[in-house]
Amino acid sequence: MLVADDLNLGSRFFKNRALVYPILFKSMVFAIVLIRFHIVERAIIAVWGGGTIVQSIPGFGGGGFKRIVSVGTIMFVVMIPFFVYREISRVIGKSELRSLIFTGKTKIESIQFKGQRAEDA
């Protein structure tokens, strides 16, 4: 997942649109990537163990197409908060987001102007 993120997978199409679009699109793309790697991993394990790729098919996602779709759906939903954090961090900046999350204040509120707090100005 980190390699796909470093390759900017899924960040080309919705970069300057409302944040909901890149968040959902990236979650979908990464869910598909994870499903594909899961299938490849199962096939490699089957071949490594002396079987064939066809013998590994019942093991994909616990067995069958419905299970693969359900695992993909779970991955899609699980990755939404991850990409929410990443996209908001991209828009407002990492330090600003961390300051907001951990202190409850933005950095602008923390700056003092001529002995006054930003709230009093």
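A. How the structure looks around the layout of surface pockets. Roughly 340 Å³ of volume is contained in the largest pocket. Lining the largest pocket are 16 residues; nearest its centre among them are Asp5, Lys26, Arg86, Glu87 and Arg90. Only α2 (20-48), α4 (65-92) and α5 (94-103) provide two or more residues apiece to the lining of the largest pocket. Per element, the largest residue contribution to the lining of the largest pocket is 6 residues, and it comes from α4. Its residues assigned to classes, the lining of the largest pocket shows 5 nonpolar, 3 polar and 8 charged.

B. Examining the nonpolar core more closely. Counting 6 residues, the largest nonpolar core consists of Ala4, Ile23, Phe30, Ala31, Met79 and Phe83. Sorting the residues of this core by element identifies α2 and α4 as the ones contributing at least two each. Considering each element in turn, this core owes the most residues, 3 residues, to α2. Look past the residues within four positions of Phe83 in its chain and what remains in contact with it is Ile23, Lys26, Ser27 and Phe30.

What counts, and where the lines are drawn
Residues numbered from 1 in each chain as written. Predicted model: local features only at pLDDT ≥ 70, side-chain atom pairs only at ≥ 80, totals over all residues. Heavy atoms only, no water. 1 Å grid on protein atoms, 1.4 Å probe; cavity = no way out; pocket = protein on both sides within 12 Å on 5 of 7 lines; lining within 4 Å. Points joined across faces, edges and corners; volume = space filled by probe spheres on them. Helix = DSSP H or I, 4+ residues; strand = E, 2+ residues; numbered from the N terminus. Nonpolar A, V, L, I, M, F, W, Y, C, P; charged D, E, K, R; others polar. Core = buried A, V, L, I, M, F, W, Y, C linked by side-chain atoms within 4.5 Å. Buried < 20%, exposed > 50% of the residue type's maximum accessible area, 1.4 Å probe, protein only. Contact = heavy atoms within 4.5 Å.

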